[in-house]
Amino acid sequence: MVSSLASVWQEIAALFMSIIMSFGSLFGVFAPSDTKNPENFVDSEIKNVIFLIGDGMGFNHLEKTKQEHNISLTMDTFDIRGASMTRSLTNAVTDSAAGGTALSTGERTYNGGIGVYMFDPLCEFSYPKNITELCAERGMMTGVITTDETSGATPASFSAHAADRGDTMDITNDQMASDIDIIWGLTNDVATKRAAKENGFEFITTYDQMMALEEGSRSFAQFTNNLWTLEQSDENTPTLEQMTAKAIDLLDDTDEGFFLMVEGAHIDKHSHSNDDASMTEAVEEFDRTIQLALEYAKNDGETLVVVTADHETGAIVLNADGTYSFTSGSHSDANVPVLVYGSSKVINAGKILNNYEIPIRIAYVLGFTEEQFPYEVMVDSAA
Ligand SMILES: [Zn+2]
């Protein structure tokens, strides 16, 4: 009784703070004393961003995969590595909607909310801009790709604003009306060829159609095979690696640079079902995709690669015998990895950020100002 009363008060306090902080950022007041100047984060070498999100991927997902497959991971080769605290505004344990919103807009929201403030879920007064919109407004090319449905919580957070993650029609309408160049993922049976065409997208459903896309085109993919369980490419449906390679190829076309969000969604799904074999395969698939992004960045020299997760799923623990096991079928409050290549401005090695600080720092690295992405940058906490 006492603890539930305390948690109600905590939630009321969190809501009150959210309202104060949201209005604070709108009007540029209530700046915290440890705010750093955004100009300190600018990295003029960086033109492109590849932001990879392993849904549900905690530190122990990597350890379990390496141990059970007896392999090393590209994710272990990043020199700049820290962690992210994943809570939402309302809950210590976030869902992918609030987690995605923190990573896309720099604002924490309630579980279920997609790119909206808690005090205005229907966007009647305002909503926090996401980093994809910000980059598109600047003339950068943008892409959002996933192995989930295109309207899944993570891709939706980077391309839409909706009161609830289940508002598939709202999310799809926002995506269709957006300036994003590439939106690819599994079909949700709501996004139609007609709507895509009306909004200037080529509508594609197969690997061959994806590979035939040319630079300068905009495309909306509704792949029909089940990307959740797909391990190998076939002629109809691409893998995450194939989507990522083609997306980079299409986006790397302007002097303004590009922003690409890539979600590996299988890790979360297979962690909910505590399916060791499929989960570790999903981590491997995500790692191969990261390898591809990293190779591109190393050649290109102007690309920032950031890898993180929206939350941990399955509460994987290290056992006394040295093995790793799932201890839950739900999300946990564990911190998740933040891995960076290309700029030391996103996180200091060994430090812990709040999830919402990650997109703010990415935006500031790209030279966006506080007026354009008006949120505070906090000093790193000690690991
Ligand atoms: Zn989940």
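Before any of the text, the structure's been laid out above.
Note that the coordinates shown come from a computational prediction; the quantities given were computed from them, not determined experimentally.

What counts and how
- Counting starts from 1 at the beginning of each chain's written sequence and moves along it residue by residue.
- Owing to the predicted nature of the model, reporting of local features is limited to residues with pLDDT of at least 70; listing and counting of side-chain atom pairs is limited to 80 or more, with chain, interface and lining totals taken over all residues.
- Side-chain calculation: all heavy atoms of the structure are included, whereas hydrogens and water are not.
- Coordination shells were defined by N, O and S atoms within 2.8 Å of each metal, extended to 3.2 Å for Na, K and Ca; water is absent from the atom set, which can make sites look incomplete.
- Here the metal geometry follows the donor angles, with tetrahedral for four donors whose angles all fall between 85 and 135 degrees, square planar for four and octahedral for six when opposite donors are more than 155 degrees apart and every other angle is between 65 and 115, and irregular for all the rest.
- A helix here means a DSSP run of H or I that spans at least four residues, while a strand means a run of E at least two residues long, and both kinds are numbered starting from the N terminus.
- The buried label applies to any residue whose accessible area, calculated with a 1.4 Å probe on protein chains only, is under 20% of its type's maximum; exposed applies above 50%, and partly exposed to all values in between.
- The way it works is a 1 Å grid over only the protein atoms, where trapped points that fit a 1.4 Å probe form a cavity and open points with protein on both sides within 12 Å along at least five of seven lines form a pocket, and then any residue with an atom within 4 Å of a point lines it.
- Grid points are joined across faces, edges and corners, and a volume is the space filled by probe spheres set on the points.
- Charged means Asp, Glu, Lys or Arg here, nonpolar means Ala, Val, Leu, Ile, Met, Phe, Trp, Tyr, Cys or Pro, and polar covers whatever is left, Gly included.
- Two strands pair if DSSP finds at least two bridges between them.
- Pairs were defined over the aromatic rings of Phe, Tyr and Trp, the Trp ring being its six-membered one, requiring ring centres within 6.5 Å. Orientation was assigned from the angle between planes: stacked under 30 degrees, edge-to-face over 60, tilted for the rest.
- In this analysis the charged atom, NZ for Lys or CZ for Arg, is taken to sit over a ring once it is within 6 Å of the ring centre and within 35 degrees of the ring normal.
- As used in this record, nonpolar core signifies buried Ala, Val, Leu, Ile, Met, Phe, Trp, Tyr and Cys residues forming a set joined through side-chain atoms within 4.5 Å.
- The contact criterion used is simple: two residues touch if any of their non-hydrogen atoms lie within 4.5 Å.

A.B. asks: Hey, could you run me through the coordination of the zinc ion in this one?
C.D. replies: Ideal values differ by geometry: the angle at a metal is 109.5 degrees with four tetrahedral donors, but 90 or 180 degrees with six octahedral donors. The coordination sphere of the zinc ion, as far as protein atoms go, consists of D268 (OD), D268 (OD), H272 (NE2) and H331 (NE2), spread over 2.1 to 2.4 Å. Coordination at the zinc ion comes from 4 donor atoms whose angles at the metal span 57 to 152 degrees, giving a geometry best classed as irregular. Each donor residue of the zinc ion belongs to the same chain, with the gaps between them written as D-x3-H-x58-H. One end of the pair is D268 and the other is H272, both in helix 10 (residues 266-272) and 4 residues apart, which spans about a single turn. Residue classification places D268 among the buried residues on the basis of a relative accessible area of 6%. A relative accessible area of 35% places H272 in the partly exposed class.

A.B. asks: Would you mind going over the layout of surface pockets with me for this structure?
C.D. replies: A probe as big as a water molecule, rolled over the atoms, marks out the empty space that is left. Roughly 310 Å³ of volume is contained in the second largest pocket. Looking at the second largest pocket, it is lined by 20 residues, and the ones nearest its centre are Y127, E133, A160, H161 and D174. Listing elements by their share of the lining of the second largest pocket, those giving two or more residues are helix 4 (131-137) and helix 6 (168-177). Examining the composition of the lining of the second largest pocket, we find that 4 residues originate from one element, helix 4, more than from any other. Here the residues of the lining of the second largest pocket are counted per class, giving 10 nonpolar, 5 polar and 5 charged.

A.B. asks: Got a minute to help me understand the pairing of strand 7 (residues 258-264) in this structure?
C.D. replies: The two faces of a sheet get side chains in turn, since along a regular strand they alternate between them. Counting buried residues along strand 7, 7 of its 7 residues qualify, which places the element largely inside the surrounding structure. Covered by surrounding structure in strand 7 are F258, L260, V262 and G264 together with F259, M261 and E263, the residues of both alternating faces. Across 6 bridges, strand 1 (residues 48-54) lies against strand 7 in parallel orientation. Pairing of I53 across the sheet is with E263, part of strand 7.

A.B. asks: Mind showing me how you'd approach the packing of aromatic side chains here?
C.D. replies: In this description, a pair of aromatic rings is defined by centroid distance and the angle of the planes. A complete count under the given rule lists 6 aromatic pairs for this structure. Aromatic side chains F51 and F158 sit 5.8 Å apart centroid to centroid with 80 degrees between the ring planes, which places their arrangement in the edge-to-face category. Taken together, the positions of F51 in strand 1 and F158 in the loop between helix 5 (153-157) and helix 6 put the pair 107 residues apart, joining distant regions of the chain. The pair formed by F51 and F158 is uniform in burial state, with each residue classed as buried. Ring centres 5.1 Å apart and planes at 10 degrees place the aromatic pair Y117 and F119 in the stacked group. Look at F119 and you get partly exposed, because its relative accessible area is 22%. Aromatic rings pair up to connect F51, F158 and F259 into one cluster. Across from the ring centre of F368, 3.9 Å away, lies the NZ or CZ of R138, which sits over that ring.

A.B. asks: Could you clarify how one ought to interpret the nonpolar core in this entry?
C.D. replies: One broad trend across soluble globular proteins is that nonpolar side chains are buried collectively. Within the largest apolar cluster, 43 residues are counted, with the highest numbers of intra-cluster contacts made by I50, L52, M75, W184, L260, F286 and V307. Broken down by element, the residue count for this core peaks at 9 residues, all from helix 11 (residues 276-300). Every residue in contact with L260, bar those within four places of it in the chain, is listed here: V49, I50, F51, G143, V144, I145, T244, A247, I248 and L251. Counting 41 residues, the second-largest nonpolar core is a separate cluster that includes M176, I180, V338 and I358.

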